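Observations on the three-dimensional arrangement
If you want the building blocks of each chain, they are given just below.
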Amino acid sequence: MIENIRDLARKWLESKEVDAIFGLKEQDGGVAPYLFTGRVNGISELGKLTTSTQYRRLCYTCRPSKDNILSLMQRREPNMKIGIVARGCEERALVELAKRGQIDLEKIKIMGIACSQEEAKECKCERPYPNNLVIGERVEGVSGDENINALLSKSLPERLAFWRHELSKCIKCYGCRDACPMCFCKDCKMEQKIFTETGSLPPEIPMFLFIRFYHISERCIGCGECEKACPVDIPLLTIFRQLRRDMKDLFDYEAGIAVEQESPLLTTLDESPMRKEVTSGV
Amino acid sequence: MAEFEPKILAFCCNWCSYAGADLAGVSRLQYPPNIRIIRVMCSGRVEPEFVVKALSLRADGVLILGCHIGDCHYIYGNHRTKKRMAILERILGYLGIDPARVRLEWVSASEGARFAEVVRQFTEEIKKLGPNPLKEVRA
Amino acid sequence: MEYKNVLTTCPYCGCGCNFYLQVLDGKLIGILPCKSHPVSQGKLCIKGLNAGDFVTSKDRLTKPLIKRNGKFTDISWDEALFLVAKKLKEYKESYGPDSIAVLSSAKCTNEENYLMMKFARAVLGTNNVDHCARLCHASTVVGLVQSFGSGAMTNSIRELEDADCILVIGSNTPEQHPLIARYILRAKEKGAKIIVADPRSITLVQFADYHLRHRPGTDVALFNGMMNVILNEGLEDKEFIKERTEGIEELKEVVKKYTPEYVEQITGVPKDILVDAARTYAKAERASIIYSMGITQHTTGVDNVRSSANLAMLTGNLGKPSTGVNPLRGQVNVQGACDMGALPNVYSGYQNVVDEKAREKFGNAWKVKLPEKPGLTIIEMMNEAAKGNIKAMYIMGENPMVSDPDISHVKEGLEKLEFLVVQDIFLTETAQLADVVLPGACYAEKEGTFTSTERLVQMVRKAIEPPGESKADWEIICSLAKAMGSKEFEYVSPAEIMDEIASFTLSYGGMSYDRLQKGGLAWPCPSKEHPGTPYLHKEKFSRANGKGKFFGIEFKEPAELPDEEYPFILSTGRIIFHFHTGTMTRRTELLNKEVPTGYVEIAHIDAARLGIGAGEFVSVQTRRGQIKTKALITERVPEGMIFIPFHFAECAANVLTNPAFDPVAKIPEYKVCAARIEKVKVS
């Protein structure tokens, strides 16, 4: 599969369909996101283009500027056409970012790749494929999640005790927020003293993480980067995955599927759009 | 042991519910003294974080009162509120906080009696639920 | 457009986490956790995730500075180097080499520390070289060498996850080493018993099975009490003791009288809890001890360290995975700076300066005759400076004006100096006293290696260019050495320096950049084929006869105890949101937002008695000085104790601390002194 990706990347670059390929590069005994522009000193770099089960997504929010890396690139070179090697979750992130005016999807060409059944299982991914599937075979998503079932089978006091234990471990690294492609607010509520007391550990339970649960609820693309970034293994994805189900249930909405699909928090109760001037901010 | 007297916070929108509360007062309607009112310009101003903060600061219940759908001074403010509160309820449930501690109701400026009734019912319900378990978490 | 990610090692604590520096067209735009790194595994703490912020701070030094008429003005590199070289030569010739002292830095790379100690010894001709390891783990280096023959963490971080029992003493791991705490919590999830011994109720206590809340400074008694229980109940590992150790009789003799009742009197730990904790530790298949500055920063620091070694040996918890005695080092490269010999008594690899063979080896290589007499430690340097015996000082990347005990005395010493050079990335409190300031490059702007607390040597890679005219510290040292006429500093790259280190240092013998580029190596790594050593003392200890040594150690009280005049015990330490003297973290927006300034933790009961309200200003006084700061009323400290984080220059805890030090390791007693606290009257 990796050879197919490299070949296609080469084709796109040579035919000038794109000016650069955003993908993972093998380096320093690991992999990291990289912008392949074709040749460096006359040698093709594309031999180092790869995929990884560790980095499934690439377009992170940069900090402290709080801009998505793609939006920084596009702002720097607005006419550049970037090809991106994207799994399903990456594509969903791109759709949501475009929906929220962070990136220009017109200038992005998605090289959609399918996740294997095993990869899908690891992430408990419900949609392990992009809409623009170019390379690989689409496999079915994973529907069950024993963590969600375990949570839902608990009584309210048991749930509270569970989260009280989990959230007590929190060291307020903001790693979940920093890993989230949907967390790009310049003025983050998690940092505000009025909501969460600053400087103390663990941060206010459940306020600190509630802010993220709520703010990301209707935009979560289910990539699980937040949970993977957590140094104390708080099962954040359990709530986010359940919230993705809730969005379908409450509003018949799924984040990251189509740019035209308006967030339910920006539409009226009969799902028609609110007047444009009142739809900025959620 | 003395009967549990809950502390309840009510966010009332300026244009309808606060006027409704006022009417209840002017009409000398009786309702339980457990509530403290915060006036907001619109129920849409009530961020879910406000509700969680109130619970976190030991309120036993939180009421959000706004104009009836279609009557919002800001046209769609209460549409937003309703959708947000639906999500809030779910999250509270997953975290183990009874969503019944939070209630959204529409009370217009002319519904003084309804205001008193909503407060009475909600207070009764919170009494049944007992003290907010988050009190213990923060202790 | 160029976008790349440069893998490097986090510049803060000793965990040795790796992350990528995201670079867009030569500009640092963010930090990306590294998921393939064995310790950090794609996770970081708040400091690591924000480690890019200070790099681009507008406060960075960009030009060499000279102080004229009390004010700094820019000068060129040529002028600066010429002047510094000339001055240092003058002092060397007129007052002798020992009139000069050098502070190296645990924030700089191994290569730079090696060069700095080479510069001090071969160019200046003095052994007066030390660094802040003196202030954090000098007692570890001394104590564990006496017990085991090697002064470093015996096991590796990830092994903790599989321990059955973890004793955390004097380490607020979740705040000071967050990514190590991760493995403690994971061990807990797998069923390990956690014992926390700490006077403060740190966040880890919530997850502990036992909390031994002993009175500050009574660690030896606590250890002896646990060993008393273990010996009385026959829980010791008799075979291990017989085969691998010596001196057990001496230990038995001393701990006999430390019955749980007696220990309760000294430490305040209820005897039943002590007994249960001792049994739990002794009965565990794999038990690990984690300690940090809570036990090292005492006048009995070496005793405390050797006591922890006693306990581990008594139960055979050494030389196996997930066991050991694990000092957590607080600075990114404090292990490396020690390994490199930035200490007054040893060359790299702990080869002693009084050992003629070692002296000859280094002397021949560097083509000079090296000084024989061990040099001065930090505290002694400051004392001698105050007395006028040290005339000139060269400080690289350290900030004694915030980090050292009894700052007023430090200031007196530094002001008395005739010539002070400071090489740093910011104009620190110390740099402000300098005659010449040389701008260094930070971790993101240079190449080198750091050695983490688990002895793991890892690459630091250059991602961006240093700001303005600032230069990598190794380049500065080389230029200065050349300006002073040395021909032994002709390095083209840090890789060459590492090759020289490897050739002189057995434990680093098999290391080279070619190998390190592929991943870290834990020393000892004596040959090119050696895979590195995750845990030490597998078959034998590193002492000459291969045996571990027990020491019978009596409990001694701290140097200064509370009395009527100063009724509180003052302890100092770090918090998660800041690092050391705050030079970097206080220039990081998010960290500053979390904790903008210092405070003093005081128990509810004491605050109520003294009429101090939350957030009110108080004055804290000791025999050394006084500071004004805000009160934080909390249950974290017990009655009679106060705690102040030391990061904040405007309310510096170290104005108050006691410079009394351990007689052997010369580490000061930061953790206990007597203090008074009162409300500041609003006028």
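Residues numbered from 1 in each chain as written. Chains lettered and ligands numbered in written order. Predicted model: local features only at pLDDT ≥ 70, side-chain atom pairs only at ≥ 80, totals over all residues. Heavy atoms only, no water.

**Describing the interface of chain C and chain A**
Counting residues at the interface gives 45 residues for chain C, matched by 47 residues for chain A. Summed over both sides, the interface of chain C with chain A buries roughly 3,900 Å², with 56% coming from carbon and sulfur. Broken down residue by residue, the surface that chain C buries against chain A is led by C:Met1, C:Tyr3 and C:Lys35, which jointly contribute 20%. Here chain C is connected to chain A by eight salt bridges. Here C:Glu189 and A:Lys169 are joined by a salt bridge, their closest N and O atoms 3.8 Å apart. At the boundary of chain C and chain A, one finds 22 residue pairs in polar contact (both at pLDDT 80 or more). Where the side of chain C that touches chain A is concerned, the elements lending two or more residues are strand 1 (3–9), strand 2 (18–24), strand 3 (27–33), helix 1 (46–49), helix 6 (173–176), helix 7 (178–189) and helix 23 (589–594) of chain C. Counting residues per element, the side of chain C that touches chain A draws most heavily on helix 7 of chain C, at six residues. Residues that form the side of chain C that touches chain A fall into these classes: 23 nonpolar, nine polar and 13 charged. (Contact = heavy atoms within 4.5 Å. Buried area = accessible area lost by both parts, 1.4 Å probe. Salt bridge = Lys/Arg side-chain N within 4 Å of Asp/Glu carboxyl O. Polar contact = N/O pair within 3.5 Å; in protein donor to acceptor, adjacent residues only side chain to side chain. Helix = DSSP H or I, 4+ residues; strand = E, 2+ residues; numbered from the N terminus. Nonpolar A, V, L, I, M, F, W, Y, C, P; charged D, E, K, R; others polar.)

**With respect to the side chain of A:Arg244**
All names here are of chain A. Structurally, Arg 244 can be placed in helix 10 (residues 236–251). For Arg 244, a relative accessible area of 8% gives the class buried. If we ignore the near neighbours within four places in the chain, the residues touching Arg 244 are Arg 92, Glu 126, Cys 220, Ile 221, Gly 222, Glu 254 and Ala 255. (Buried < 20%, exposed > 50% of the residue type's maximum accessible area, 1.4 Å probe, protein only.)

**Remarks on unusual backbone geometry**
Cis geometry is found at the peptide bond from A:Arg63 to A:Pro64, where omega equals 10°. In this fold, A:Pro64 is placed in the loop between strand 6 (61–62) and strand 7 (67–68). In the Ramachandran plot, A:Lys66 falls in the positive-phi region, its phi being about 65° despite a non-glycine side chain. With respect to the secondary-structure elements, A:Lys66 resides in the loop between strand 6 and strand 7. A residue is classified by how much of its surface remains accessible, and A:Lys66, at 9% relative accessible area, is buried. Even without a glycine there, the phi angle at B:Ile75 is positive, about 70°. Considering the arrangement of structural elements, one finds B:Ile75 in the loop between strand 3 (61–66) and helix 3 (77–95).

**Section: helix 20 (residues 473–483) of chain C**
All names here are of chain C. Residues of helix 20 that are buried include every one of Asp 473, Trp 474, Ile 476, Ile 477, Cys 478, Leu 480 and Ala 481, and no others. Structurally, helix 20 contributes buried residues whose contacts are with helix 2 (77–95), helix 3 (110–124), strand 14 (392–396), strand 15 (419–424), strand 16 (436–439) and helix 21 (494–504). Gly 485 occupies a position one or two residues after helix 20 and carries a positive phi of about 95°.

**A look at the confidence of the model for chain A**
Per-residue confidence for chain A gives a mean pLDDT of 92; residues scoring 70 or more make up 96%. Confidence drops under a pLDDT of 50 for residues 278–282 of chain A, and excluding neighbours within four residues, the segment shows 11 contacts in the predicted structure. (pLDDT = per-residue confidence, 0-100.)

**Quick look at the sheet that holds strand 3 of chain B**
All names here are of chain B. What the four strands build is an open sheet, ordered 2-1-3-4; its pairing is parallel. Looking at strand neighbours, the two that pair on one side only are strand 2 (35–40) and strand 4 (102–106), the edges of this open sheet. On average, each strand axis in the sheet is inclined to that of its neighbour by 20°, with strand direction left out of account. As paired strands, strand 3 and strand 4 are joined by five bridges and run parallel to one another. Following the sheet pairing, Leu 63 is matched in strand 4 by Arg 103. Those strands touched by helix 1 (residues 17–26) are strand 1 (8–13), strand 2 and strand 3, and its axis lies near 115° from that of strand 1. (Pairing = 2+ DSSP bridges. Axes fitted to C-alpha atoms, helices over the stretch in contact; angles between N-to-C directions.)

**A few points about the pattern of salt bridges**
All chains considered together, the criterion is met by 86 salt bridges over all chains. The salt bridge involving C:Lys593 is made with A:Glu191; its shortest N-O contact spans 2.8 Å. Within this pair, whereas C:Lys593 is found in helix 23, its partner A:Glu191 is found in the loop between helix 7 (175–179) and helix 8 (207–216), the two belonging to separate chains. C:Glu490 is the salt-bridge partner of C:Lys482, the closest N and O atoms lying 3.9 Å from each other. Three or more residues joined by partner-sharing salt bridges are found here, namely A:Arg63, A:Lys66, A:Arg177, A:Asp178, A:Glu191 and C:Lys593.

**What about the interface of chain A and chain B?**
Facing the 42 residues of chain A at the interface are 31 residues of chain B. Note on chain A versus chain B: buried area summed over both sides is about 3,500 Å², and carbon and sulfur give 69% of it. Contact with chain B buries area across many residues of chain A, yet A:Leu160, A:Phe210 and A:Leu269 alone supply 19% of it, more than any other trio. Taken together, the connections running from chain A to chain B amount to six salt bridges. Linking A:Asp246 and B:Arg90 is a salt bridge whose minimum nitrogen-to-oxygen distance equals 2.8 Å.

**Quick look at the domain arrangement of chain A**
Residue and element names in this part refer to chain A. We note that the domain assignment places domain 1 (2–135) and domain 2 (146–278) within chain A. Contacts between domain 1 and domain 2 engage 27 residues on the former and 32 residues on the latter. Summing the contributions of domain 1 and of domain 2, the shared interface buries around 2,600 Å²; its carbon and sulfur component is 46%. The interface formed by domain 1 and domain 2 contains six salt bridges. Residues Glu 191 and Lys 66 are paired through a salt bridge, measuring 3.3 Å at the closest nitrogen-oxygen approach. Linking domain 1 with domain 2 are 18 residue pairs in polar contact (both at pLDDT 80 or more), by the criterion used here. Among the secondary structure elements, those contributing two or more residues to the side of domain 1 that touches domain 2 are strand 7 and helix 3 (88–99). In terms of residues, the side of domain 1 that touches domain 2 owes the most to one element, helix 3, which gives eight residues. (Domains from an automatic or database assignment.)

**Considerations on the domain arrangement of chain C**
Residue and element names in this part refer to chain C. For chain C, the assigned domains read domain 1 (3–56), domain 2 (65–134 + 332–502), domain 3 (138–327) and domain 4 (568–679). The C-alpha centroid of domain 4 is placed 30 Å from the C-alpha centroid of domain 2. Taken together, the contact between domain 2 and domain 4 spans 16 residues of the former and 22 residues of the latter. Counting the surface domain 2 buries against domain 4, the share from its top three residues, Arg 134, Val 402 and Asp 406, is 28%. Run the count over domain 2 and domain 4 and you get one salt bridge. Our count for the contact surface shared by domain 2 and domain 4 stands at eight residue pairs in polar contact (both at pLDDT 80 or more). Residue composition of the side of domain 2 that touches domain 4, grouped by class: five nonpolar, five polar and six charged.

**Let's talk about the sheet that holds strand 1 of chain C**
Residue and element names in this part refer to chain C. With antiparallel pairing, the three strands of this open sheet are ordered in space as 1-2-3. The sheet is open, and its two borders are formed by strand 1 and strand 3, each paired with just one other strand. Across this sheet, the average inter-strand angle for adjacent strands is 30°, counted without regard to direction. Strand direction decides the pairing type here: strand 2 and strand 3, joined by six bridges, are antiparallel. Bridging from a neighbouring strand, Phe 19 pairs with Pro 33 of strand 3.

**Comments concerning the state of the cysteines**
All told, the structure shown has one disulfide over all chains when counted by the stated rule. Linked covalently through their sulfurs, B:Cys16 and B:Cys67 form a disulfide whose S-S length is 2.4 Å. Judged by the sign of its S-S torsion, about 100°, the bond between B:Cys16 and B:Cys67 is right-handed. Highlighted residues: B:Cys16 in the loop between strand 1 and helix 1 and B:Cys67 in the loop between strand 3 and helix 3, separated in sequence by 51 residues. Here B:Cys16 matches B:Cys67 in class, with each residue buried. Residue A:Cys125 stays outside any disulfide, its sulfur separated by 6.3 Å from that of A:Cys123, the closest cysteine. Its relative accessible area of 11% is what places A:Cys125 among the buried residues. (Disulfide = S-S within 2.5 Å.)

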